[in-house]
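Residue-level listing of the chains:
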Amino acid sequence: MISTKTATTSPADTVIPPARDAASRRSGRRSGRRLAALAALSALAGSALIGTRPAEARSAGYEGSAPSCFLTGGGALEICREGSEAEGVLIAPAPCAFVRGVQILRLARSEAPGPLQAVFQGQTPVASRRDEPCPERRATDSRDGGALRTGRTFEALVTTLPPSADRFWVDLPEERARTRGWSEPTPSAEGIGPRDPIAVTGRTWAGEAYSYVFLLGQERVGVTGGDAAEPERRGRRRRRRAEPDAPATGPADVRRRVQIEARTLDFQTFEIRTRTADGYGLAWTPFEAGAGRGRRADPPVPAAVVDEAGKPVTSACTAPAFETHGLAGSISVVDRTYHYVYTDVLPEDCGLAPEKRRTGLFLRTAQDLSGPKVWSTARKLAGPLPPGTLVRVARAKGMPRWAVSYTCQRPANAPGGPVADICLQYTADLNLDGIGALKLYADPVEAGRSAAYLGLRSGGDGSGRYDRSAHFWMTDAEGNLDTPAIYPNKAGFLTWLDRLAPTASGRDASSLYGRPVYWGTWTVRPIGAQ
């Protein structure tokens, strides 16, 4: 069931003080390594900025006081990560909340309380007990994709996630329904369903006032050739006993990602793209909190976004619920054309195990996001890329170039070894072929290593392991790179989730809930500039 909610804060807005509570003291003999990592997070949360220290080397000739730089943009630009680059904690959520995929959007119109809008995926609301307003949670329900959350902030406060509210989500079945013969299997690993929101303005040049948010959902797919796809919500009307998640033959949880769309005037109330009663026409249906309960009408069923060929925009391959991939990316406007750049599994790899499926980088374009057929057919820009790669593309700040950020591993000879990082490259111009011409990874590509890594310092588990999940950045209303007024000379402002970093509460139950989200900046300058 899809619902909406008025603007109220929730535990996702709470930053837990890093002091250890009674529960953690009772459970606690943490290793010295764990305490060191928690102490590092405490220092970050208190100061919001990382203290300066030399960036890590790119070459064997590196000395501790030297900047670490690499060339990009056809050799015309260099990106340097120096001790003066700022990083910090955006939020350390409470143990009942999570935050991922944070896009900071500069609104086209300045509105109270501030000109910056945070858009991200957060936890699905659940009823809390009076004696435990924020129960510890884990991501073990394959139907749970979390909620779209938004919040407004000021330029000076951009390094702290603003108070936010749930805007819409898919309600989970009530617990008592599980006593009637159906139960969700509890997987050994945690996972969260795709939402991956991407926000962008409508056609302001044509007087349009709406902004649009594209999200991902999942639909169940039958195992026989004649079975039609069954959306998540519809499948919950007639529950059958489910089999454990596995890429095997059972119909229990084989799914495909699908793109859905919502529009808004204020990022507080949303209308969702649906179908008319006859199933053919396009309609925009407002969300209402509590729809489907009591005498309220059933909530709207999202309709898949359709391309110019009349086909729904879906991922290329099916997979178990926690292992679907595809369609996550970014949208930017250049020359009044929307460019949706995303990764998806290569169709020829659909027969492999999900963790071994290589990905490609694809492009779709649009002129109008409100029409019945939104996107062009897919065009492949690059590939193969390593399994699970996430790529964001936007026009560079102040330059006619594309900026391309992507998940990567540092080279094996880098200080600290081949740990997870975020890599960044620029094209020579705005020619889209230049994106595909970039050498994103060194050979062998499957290792995911690149010398174009940013050398991010924040996070980690204290033992040298890092996670850089669901990274995003700050954009203008058209989805192109921007920076807050407090960092006018920076080239970009990144956000990312570290699922290995210690929680501020000191609890370890989940690798998603309570895990901190970080921010950082980078600098790019022309070769020869002082």
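As the structure is a computational prediction, the values presented were derived from the model and not from experiment.

Caption draft 1: Quick peek at the overall build of the protein chain. Within the protein chain, the secondary structure is distributed over four helices and 25 strands. Put simply, the protein chain has 530 residues, and 54% of those count as buried. Pairs at least 24 apart in sequence give 70% of the contacts found in the protein chain among residues at least 6 apart. Carbon and sulfur atoms make up 51% of the accessible area of the protein chain, which totals about 22,100 Å².

Caption draft 2: Examining the sheet that holds strand S17 (residues 337-345) more closely. Across the sheet, which stays open at both edges, the four strands sit in the order S16-S17-S18-S19 with antiparallel pairing between neighbours. Across the chains shown, the open sheet's two edge strands, defined by having one partner strand only, are strand S16 (329-334) and strand S19 (379-385). Averaged over all neighbouring strand pairs, the angle between strand axes comes to 20 degrees, with direction disregarded. Sheet topology note: the S17/strand S18 (residues 359-366) ladder contains eight bridges and is antiparallel. Within S18, the residue paired with Tyr-338 across the bridge is Ala-366.

Caption draft 3: Here's a closer look at the confidence of the model for the protein chain. Taken over all residues, the pLDDT of the protein chain has a mean of 80, while the share at 70 or more is 73%. Note on residues 14-67: pLDDT under 50 across the span, and 98 contacts to partners over four residues away in sequence or across chains.

Caption draft 4: Spatial organisation of empty space enclosed by the protein. Following the criterion strictly, the structure yields three cavities of 30 Å³ or more and no others. Approximately 140 Å³ is the volume found for the largest cavity. What lines the largest cavity is a set of 18 residues, among which Leu-107, Ala-108, Arg-109, Ser-211 and Phe-267 lie closest to the centre. Each residue belonging to the lining of the largest cavity can be placed in one class, and the counts come to nine nonpolar, four polar and five charged. What the second largest cavity holds in volume is close to 50 Å³.

Caption draft 5: Looking closely at the nonpolar core. Ranked by internal contacts, the top residues of the largest apolar core, which has 67 residues, are Leu-369, Trp-375, Tyr-406, Tyr-426, Trp-473 and Trp-522. The element contributing the most residues to this core is strand S21 (residues 402-409), with five residues.

Caption draft 6: Region of interest: the state of the cysteines. Summed over the entire model, instances satisfying the criterion amount to four disulfides. The side chain of Cys-69 participates in a disulfide bridge whose partner is Cys-80; the two sulfur atoms lie 1.9 Å from each other. Between Cys-69 and Cys-80, the S-S dihedral sits near 105 degrees, and the bridge is therefore right-handed. With Cys-69 in strand S2 (residues 68-72) and Cys-80 in strand S3 (residues 77-81), this residue pair connects regions lying 11 residues apart in the sequence. With relative accessibility at 27%, the residue Cys-69 sits in the partly exposed group. The disulfide that involves Cys-408 links it to Cys-423, with 2.1 Å between the sulfurs. Between Cys-408 and Cys-423 the sulfur-sulfur dihedral comes to about 85 degrees; the bridge is accordingly right-handed. Separated by 15 residues along the polypeptide, Cys-408 in strand S21 and Cys-423 in strand S22 (residues 420-426) bring together distant segments of the chain. Across the pair, Cys-423 and Cys-408 agree in class, each one buried.

Caption draft 7: Main features of unusual backbone geometry. Gly-383 connects to Pro-384 through a cis peptide bond whose omega is 5 degrees. The residue Pro-384 is located in strand S19 in this model. Each neighbour pair has its own omega, and for Asp-443 with Pro-444 the value is -5 degrees, a cis peptide bond. A positive phi angle, near 40 degrees, is found at Asp-196, a position not held by glycine. In this fold, Asp-196 is placed in the loop between strand S8 (165-170) and strand S9 (198-201).

The rules behind the values
- Residues numbered from 1 in each chain as written.
- Predicted model: local features only at pLDDT ≥ 70, side-chain atom pairs only at ≥ 80, totals over all residues.
- Heavy atoms only, no water.
- Helix = DSSP H or I, 4+ residues; strand = E, 2+ residues; numbered from the N terminus.
- Buried < 20%, exposed > 50% of the residue type's maximum accessible area, 1.4 Å probe, protein only.
- Contact = heavy atoms within 4.5 Å.
- Areas by Shrake-Rupley, 256 points an atom, 1.4 Å probe, with all protein chains shown as cover.
- Pairing = 2+ DSSP bridges.
- Axes fitted to C-alpha atoms, helices over the stretch in contact; angles between N-to-C directions.
- pLDDT = per-residue confidence, 0-100.
- 1 Å grid on protein atoms, 1.4 Å probe; cavity = no way out; pocket = protein on both sides within 12 Å on 5 of 7 lines; lining within 4 Å.
- Points joined across faces, edges and corners; volume = space filled by probe spheres on them.
- Nonpolar A, V, L, I, M, F, W, Y, C, P; charged D, E, K, R; others polar.
- Core = buried A, V, L, I, M, F, W, Y, C linked by side-chain atoms within 4.5 Å.
- Disulfide = S-S within 2.5 Å.

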